[in-house]
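Survey of secondary and tertiary structure
Listed below, chain by chain, are the residues.
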Amino acid sequence: QVQLVESGGGLVKPGGSLRLSCVASGFTFSHYYMTWIRQAPGKGLEWISYISSSGNNVYYADSVKGRFTISRDNAKNSLYLQVNSLRAEDTAIYYCARALMDVWGKGTTVTVS
Amino acid sequence: IQMTQSPSSLSASVGDTVTITCRASQDIRNDLNWYQQKPGKAPKRLVYAASSLQSGVPSRFSGSGSGTEFSLTISSLQPEDFATYYCLQHNSYPRFTFGPGTKVDIK
């Protein structure tokens, strides 16, 4: 079935880095653009990044621009988010989602402390 | 594009009909989705293109609106419907904006 599975979250100190991954299955990954969304504890949903199906076009929310980098490997059905210069306010569950967010992963938790 | 939702929370009983409103700061045509999120779970898309019901979603959910004002109506609220609901605009693709959410809990 159509599925997205995130990994790579964890506890990191301020200023640290992590690489989040999202593996897709059950659909032709290379045909879809992908997005990352995050949710801070007890807060709402925040779109943070977009990547086109080819990987040639990327966009970021102002809150993460210059610190986060989105990428993908269509041969591995994988989406990535490199998160650098982490701050306490980056603490959140990070979700990957397909295209117009019709399919979501279960999320991976990043804690900056 | 900024999105607002009202109310921010509401209390209702099983069997009630509830309506949640989402407003956009500018015309977004019908480029709006609705999501349901239960505690500890990922969001689930209920409605896309403002009024199209996602496959598998019960027909008691319905969406309407266009331009700047949209609504999600849940008819005959069921116990499993108590959750937080978010709207999402994608008119500014490839940038997206969620509404702040509406929590529906049991009266």
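The following refers to the structure shown.

A word on the sheet that holds strand β8 (residues 69-74) of chain B
Residue and element names in this part refer to chain B.
- Spatially, 4 strands are ordered β1-β3-β8-β7 in an open sheet, and the strand pairing comes out antiparallel. Here the strands that pair on one side only, and so sit at the sheet edges, are β1 (3-6) and β7 (61-66). On average, each strand axis in the sheet is tilted by 15° relative to the strand beside it, whichever way the strands run.
- Judged from the 6 bridges that link them, strand β3 (residues 18-24) and β8 form a sheet pairing that is antiparallel. What sits directly across from T21, in β8, is S71.

Topic: the state of the cysteines
- Inspection of every chain in the model, using the stated rule, returns 2 disulfides over all chains.
- At a sulfur-sulfur separation of 2.1 Å, the disulfide partner of C22(A) is C96(A). Looking down the S-S bond of the C22(A) and C96(A) bridge, the torsion is 65°, so its handedness is right-handed. Separated by 74 residues along the polypeptide, C22(A) in strand β3 (residues 18-25) and C96(A) in strand β9 (residues 92-98) bring together distant segments of the chain. We note that C22(A), like C96(A), is buried.
- Each sulfur of the disulfide joining C22(B) and C87(B) lies 2.0 Å from the other. Judged by the sign of its S-S torsion, about 65°, the bond between C22(B) and C87(B) is right-handed. Placement of C22(B) in strand β3 and of C87(B) in strand β9 (residues 84-89) is noted, with a sequence separation of 65 residues between them.
- A relative accessible area of 0% places C87(B) in the buried class.

Description of the interface of chain A and chain B
- Contacts between the two partners involve 19 residues from chain A and, on the opposite side, 15 residues from chain B.
- Scanning the region where chain A abuts chain B turns up 0 salt bridges.
- Applying the counting criterion to the chain A and chain B interface returns 9 residue pairs in polar contact (both at pLDDT 80 or more).
- Looking at the side of chain A that touches chain B, the elements that each hand over two or more residues are β4 (34-39), β5 (45-51) and β6 (58-60) of chain A.
- For the side of chain A that touches chain B, the element with the highest residue contribution is β5(A), accounting for 4 residues.
- Residues of the side of chain A that touches chain B, tallied by class, amount to 11 nonpolar, 4 polar and 4 charged.

Conventions adopted
- Residues numbered from 1 in each chain as written.
- Chains lettered and ligands numbered in written order.
- Predicted model: local features only at pLDDT ≥ 70, side-chain atom pairs only at ≥ 80, totals over all residues.
- Heavy atoms only, no water.
- Pairing = 2+ DSSP bridges.
- Helix = DSSP H or I, 4+ residues; strand = E, 2+ residues; numbered from the N terminus.
- Axes fitted to C-alpha atoms, helices over the stretch in contact; angles between N-to-C directions.
- Disulfide = S-S within 2.5 Å.
- Buried < 20%, exposed > 50% of the residue type's maximum accessible area, 1.4 Å probe, protein only.
- Contact = heavy atoms within 4.5 Å.
- Salt bridge = Lys/Arg side-chain N within 4 Å of Asp/Glu carboxyl O.
- Polar contact = N/O pair within 3.5 Å; in protein donor to acceptor, adjacent residues only side chain to side chain.
- Nonpolar A, V, L, I, M, F, W, Y, C, P; charged D, E, K, R; others polar.

Take it as geometry only, folks, not as evidence of what the structure does.
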